[in-house]
Amino acid sequence: MATDYNAKCYNSAGGPGCKQVAGLAKSAGRCVCDNGCMGADGNCYTDENKLLADKFTLKNAQWPAYSMYVQRMSAFGQMKTTSTSSAYNMGQDLFRLYELPGLHHGARNTSWHRRSGKTT
């Protein structure tokens, strides 16, 4: 059973309300996929999350000189803005965009993560 948080493959939805589907079990009060990745619909899949974009920044059209970043040291992981380039802020403003397997309310879902985070 996978136990690591991993942007390529979520194995847990984090909540206590497990659906009765194949491959989904309850562990330590959380719903987890025994063998595979949890999709946008809460079901387990053998496919990993698909990388759609890498090393992109989030900017505001009104203030294009600024980009969003996730603080390295923060009690709650707050996002902030910076006008410093990626080279000077150690890539904290670079993100990855993933598509999760499965459909949620009939549509594909995506998940984005700070690039420098653990994604092995």
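Coordinates for the structure precede this section.
Overview of the structure. (Residues numbered from 1 in each chain as written. Predicted model: local features only at pLDDT ≥ 70, side-chain atom pairs only at ≥ 80, totals over all residues. Heavy atoms only, no water.)

## Quick notes on the state of the cysteines
Taken as a whole and judged by the stated rule, the model has 2 disulfides. Here Cys9 pairs with Cys37 through a disulfide, and the sulfurs are 1.9 Å apart. With the S-S bond torsion at -115°, the cross-link from Cys9 to Cys37 turns out left-handed. In this pair, Cys9 is assigned in the segment before strand S1 (24-27) and Cys37 in strand S3 (residues 37-38), connecting sequence segments 28 residues apart. Its relative accessible area of 14% is what places Cys9 among the buried residues. Residue Cys37 is classed as buried on the basis of its relative accessible area of 4%. (Disulfide = S-S within 2.5 Å. Helix = DSSP H or I, 4+ residues; strand = E, 2+ residues; numbered from the N terminus. Buried < 20%, exposed > 50% of the residue type's maximum accessible area, 1.4 Å probe, protein only.)

## Brief notes about the packing of aromatic side chains
The tally for this structure, following the rule as stated, stands at 1 aromatic pair. Each ring, one from Phe56 and one from Phe95, has its centre 6.3 Å from the other, and the planes form 40°; the classification is tilted. Placement of Phe56 in strand S5 (residues 50-56) and of Phe95 in strand S9 (residues 95-99) is noted, with a sequence separation of 39 residues between them. The class of Phe95 is buried, set by a relative accessible area of 0%. (Phe/Tyr/Trp six-rings, centres within 6.5 Å; stacked < 30°, edge-to-face > 60°.)

## Some words on unusual backbone geometry
One non-glycine residue with positive phi stands out, namely Lys55, at about 60°. Residue position: Lys55 is located in strand S5. A positive phi is found at Met90, a non-glycine position, where the angle reads about 60°.

## Notes on the side chain of Asp93
By the secondary structure assignment, Asp93 is in the loop between strand S8 (79-82) and S9. As a buried residue without a salt bridge, Asp93 has its nearest oppositely charged side chain in Lys59, at a separation of 6.0 Å. A distance of 3.1 Å separates a polar atom in the side chain of Asp93 from a polar atom in the side chain of Ser67. Those residues in contact with Asp93, other than ones at most four positions away along the chain, are Phe56, Thr57, Ser67, Met68, Tyr69, Thr84 and Ser86. (Lys, Arg positive; Asp, Glu negative; His and termini not counted. Salt bridge = Lys/Arg side-chain N within 4 Å of Asp/Glu carboxyl O. Polar contact = N/O pair within 3.5 Å; in protein donor to acceptor, adjacent residues only side chain to side chain. Contact = heavy atoms within 4.5 Å.)

## Considerations on the sheet that holds strand S6 (residues 59-60)
An order of S6-S7-S8 is seen for the 3 strands of this open sheet, with the pairing classed as antiparallel. Strands at the two margins of the open sheet, each flanked by one partner only, are S6 and S8. With 4 bridges connecting them, strand S7 (residues 63-70) and S8 associate as antiparallel partners. When the bridges of S8 are listed, Met68 appears paired with Thr81. (Pairing = 2+ DSSP bridges.)

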